[in-house]
Amino acid sequence: VQMNAFEWCNLQPDDPRHWFMERARAGGGPMFDFGCHRIEVLLDLFGPVRRVTSAIANVAFEREVEDTAVAVLEFERGGCATLLVTHAAKESRDTFDVFGTRGSVHIEKQNHGDVRIRTEAGERLESHPPDPNLHRPLIDDFVDAVSTGRQPEVTGEIGRMVAEIEEKIYGAGAGAGA
């Protein structure tokens, strides 16, 4: 599995969102900012993570948080994923590719809904248009879960798992094993 999320983000001190560049306020760079959402997708599809290795760096900017991070996740059920996120790419990218023994799945732009599936039988395209407000379905699910007494689709346990993986990414990226 390979996920790439690239954007250009060099917020200046007078920008109201400059706090994203401050470790004490933001916690980290793009891995904290949007990498966490990709980790949640990986957990949802492939299950718990057994091992995490990573590298974090400032390749384009001098600031308190990284501008680039890469993580390799080994899943308990087998398989691996690489997640590469950066604020230092002029060409935006938000891709998701799964390569398996019987085919592959490709998403060129996450949150757009188009999926390309390749198998020995050929290739097919699917379209799953997202809600115009990407956050609305999550909010609706949470409200319904509270109203009906069921667990929401994204639980606190998943949030905790994402946080633990990010701790390992930053620990491993700083030179420690995870």
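Residues numbered from 1 in each chain as written. Predicted model: local features only at pLDDT ≥ 70, side-chain atom pairs only at ≥ 80, totals over all residues. Heavy atoms only, no water.

Chemist: How do you make sense of the packing of aromatic side chains when you look at a structure like this?
Modeler: Two descriptors summarise a pair of aromatic rings, namely the distance from one centre to the other and the angle between the planes of the rings. This model, assessed by the stated rule, comprises four aromatic pairs. Geometrically, the ring pair formed by tryptophan 8 and phenylalanine 61 is edge-to-face, given 5.1 Å between the ring centres and 70 degrees between the ring planes. Here the residue tryptophan 8 occupies a position in strand 1 (residues 2–8), and phenylalanine 61 occupies one in the loop between strand 2 (49–57) and strand 3 (68–75), the gap between them amounting to 53 residues. By relative accessible area, phenylalanine 61 is classed as buried at 10%. A centroid spacing of 5.4 Å and a plane angle of 40 degrees characterise the contact between phenylalanine 46 and phenylalanine 75, whose relative ring orientation is tilted. Taken as a pair, phenylalanine 46 in helix 2 (residues 30–46) and phenylalanine 75 in strand 3 lie far apart in primary sequence, 29 residues in all. (Phe/Tyr/Trp six-rings, centres within 6.5 Å; stacked < 30°, edge-to-face > 60°. Helix = DSSP H or I, 4+ residues; strand = E, 2+ residues; numbered from the N terminus. Buried < 20%, exposed > 50% of the residue type's maximum accessible area, 1.4 Å probe, protein only.)

Chemist: Could you clarify how one ought to interpret the sheet that holds strand 8 (residues 122–127) in this entry?
Modeler: Remark on secondary structure: sheet strands pair via backbone hydrogen bonds, oriented parallel or antiparallel. Taken in spatial order, the eight strands make up an open sheet running 2-3-4-1-5-6-7-8, and their pairing is mixed. Each of the sheet's edge strands pairs with one partner strand only, and the pair in question is strand 2 and strand 8. For this sheet, the mean angle separating the axes of adjacent strands, direction not counted, is 15 degrees. Judged from the six bridges that link them, strand 7 (residues 114–119) and strand 8 form a sheet pairing that is antiparallel. In the sheet register, arginine 116 faces strand 8, and the bridge partner there is leucine 125. (Pairing = 2+ DSSP bridges. Axes fitted to C-alpha atoms, helices over the stretch in contact; angles between N-to-C directions.)

Chemist: What am I meant to see in the layout of surface pockets here?
Modeler: To find leftover empty space, a probe the size of one water molecule is rolled over the atoms. Reported here for the largest pocket is a volume of approximately 1,200 Å³. Taken together, 31 residues make up the lining of the largest pocket; nearest its centre are His37, Glu40, Val41, Asn111 and Leu138. For the lining of the largest pocket, the secondary structure elements donating two or more residues are helix 2, strand 5 (88–99), strand 7, helix 3 (136–148) and helix 4 (156–173). Broken down by element, the lining of the largest pocket gets its largest block of residues, eight residues, from helix 2. Residues of the lining of the largest pocket, tallied by class, amount to 15 nonpolar, eight polar and eight charged. (1 Å grid on protein atoms, 1.4 Å probe; cavity = no way out; pocket = protein on both sides within 12 Å on 5 of 7 lines; lining within 4 Å. Points joined across faces, edges and corners; volume = space filled by probe spheres on them. Nonpolar A, V, L, I, M, F, W, Y, C, P; charged D, E, K, R; others polar.)

Chemist: I keep staring at helix 2 and nothing clicks. Help me out?
Modeler: The end-to-end C-alpha distance of helix 2 is 22 Å, a good match for the 24 Å that 17 residues give at a rise of 1.5 Å each. Among all positions in helix 2, only Pro30, Met31, Phe34, Gly35, Cys36, Arg38, Ile39, Glu40, Leu42 and Leu43 are buried. Following helix 2 by one or two positions, glycine 47 has its phi on the positive side, about 85 degrees. (Expected span 1.5 Å × (residues − 1).)

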